[in-house]
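If you want the building blocks of each chain, they are given just below.
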Amino acid sequence: MIEIASILCPVDLSPASRRALDHAFMLARWYDSTVTVLEVVQTFFPPTAFGGAAAATLTSAQLEDLDRELDVFVQSASGTGVKTTL
């Protein structure tokens, strides 16, 4: 049988990523693994008819808000008893 020690699960806080996280937790319970949750945030916006591409810089307050949202997202998933890192 194979061993899986760590599972990386990128999320964007959408319903689809919720299902992916639930599956990652299920696999982690099966293999007694750790789940690392990575939040993906769009900070680059493609060019528009009115100008070129733009990249957003997040402030420390925005980063703290994202951390809180990720904590709530992970805590509300079915990851009871699973080792998780953010």
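Going by the structure above, here's the rest.
Computed from a predicted model, the values in this text were never measured in an experiment.

Asker: Is there a simple way to think about the overall build of the chain in this case?
Answerer: Secondary structure summary: the chain contains two helices and five strands in total. The N-to-C order of helical and strand elements in the chain reads β-α-β-β-β-α-β. The contacts in the chain between residues at least 6 apart in sequence include a share of 70% that link residues at least 24 apart. Of the roughly 6,000 Å² that the chain leaves accessible, carbon and sulfur atoms contribute 61%.

Asker: Whenever I open this one, the environment of Leu38 confuses me. Can you help?
Answerer: Inspection of the secondary structure puts Leu38 in strand β2 (residues 34-39). Taking relative accessible area as the criterion, Leu38 reaches 44% and is therefore assigned partly exposed. Taking the C-alpha atoms as reference points, Leu38 and Leu86, 48 residues apart in sequence, are found 6.3 Å from one another. If we ignore the near neighbours within four places in the chain, the residues touching Leu38 are Leu8, Cys9, Pro10 and Val11.

Asker: Whenever I open this one, the side chain of Ser33 confuses me. Can you help?
Answerer: Within the secondary structure layout, Ser33 lies in the loop between α1 (15-31) and β2. A polar contact is formed between the side chain of Ser33 and the backbone oxygen of Ile4, at a distance of 2.6 Å. Not counting chain neighbours up to four residues away, the residues in contact with Ser33 comprise Ile4, Ala5, Ser6, Ile7, Leu27, Ala28, Val82 and Lys83.

Asker: Explain the sheet that holds β2 here, please?
Answerer: Sheet strands pair via backbone hydrogen bonds, and the direction of the pair is either parallel or antiparallel. With respect to topology, three strands assemble into an open sheet ordered β1-β2-β5, the strand pairing being parallel. Each edge of the sheet is formed by a strand with only one pairing partner; in this case those strands are β1 (6-11) and β5 (83-85). Between one strand axis and the next, the sheet turns by 25 degrees as a mean value, whatever way the strands run. Bridging between β1 and β2 involves six bridges; their strand directions are parallel. For Pro10, the partnering residue across the bridge sits in β2 and is Leu38. Against the sheet, α1 engages β1, β2 and β5, with an angle of about 170 degrees to β1. Relative to the sheet, helix α2 (residues 60-75) contacts β1, β2 and β5, its axis offset from that of β2 by approximately 140 degrees.

Asker: When you look at the pairing of β1 in this model, what are you seeing that I'm missing?
Answerer: Along any regular strand, the residues point their side chains to alternate faces of the sheet. Residues of β1 alternate between two faces, with Ile7, Cys9 and Val11 buried on one and Ser6, Leu8 and Pro10 left unburied on the opposite face. Between the parallel pair β1 and β2, the chain is carried across by α1, and the sense of this crossover is right-handed.

Rules of the game
- Residues numbered from 1 in each chain as written.
- Predicted model: local features only at pLDDT ≥ 70, side-chain atom pairs only at ≥ 80, totals over all residues.
- Heavy atoms only, no water.
- Helix = DSSP H or I, 4+ residues; strand = E, 2+ residues; numbered from the N terminus.
- Contact = heavy atoms within 4.5 Å.
- Areas by Shrake-Rupley, 256 points an atom, 1.4 Å probe, with all protein chains shown as cover.
- Buried < 20%, exposed > 50% of the residue type's maximum accessible area, 1.4 Å probe, protein only.
- Polar contact = N/O pair within 3.5 Å; in protein donor to acceptor, adjacent residues only side chain to side chain.
- Pairing = 2+ DSSP bridges.
- Axes fitted to C-alpha atoms, helices over the stretch in contact; angles between N-to-C directions.
- Right-handed = clockwise from strand over helix to strand, strands pointing away.

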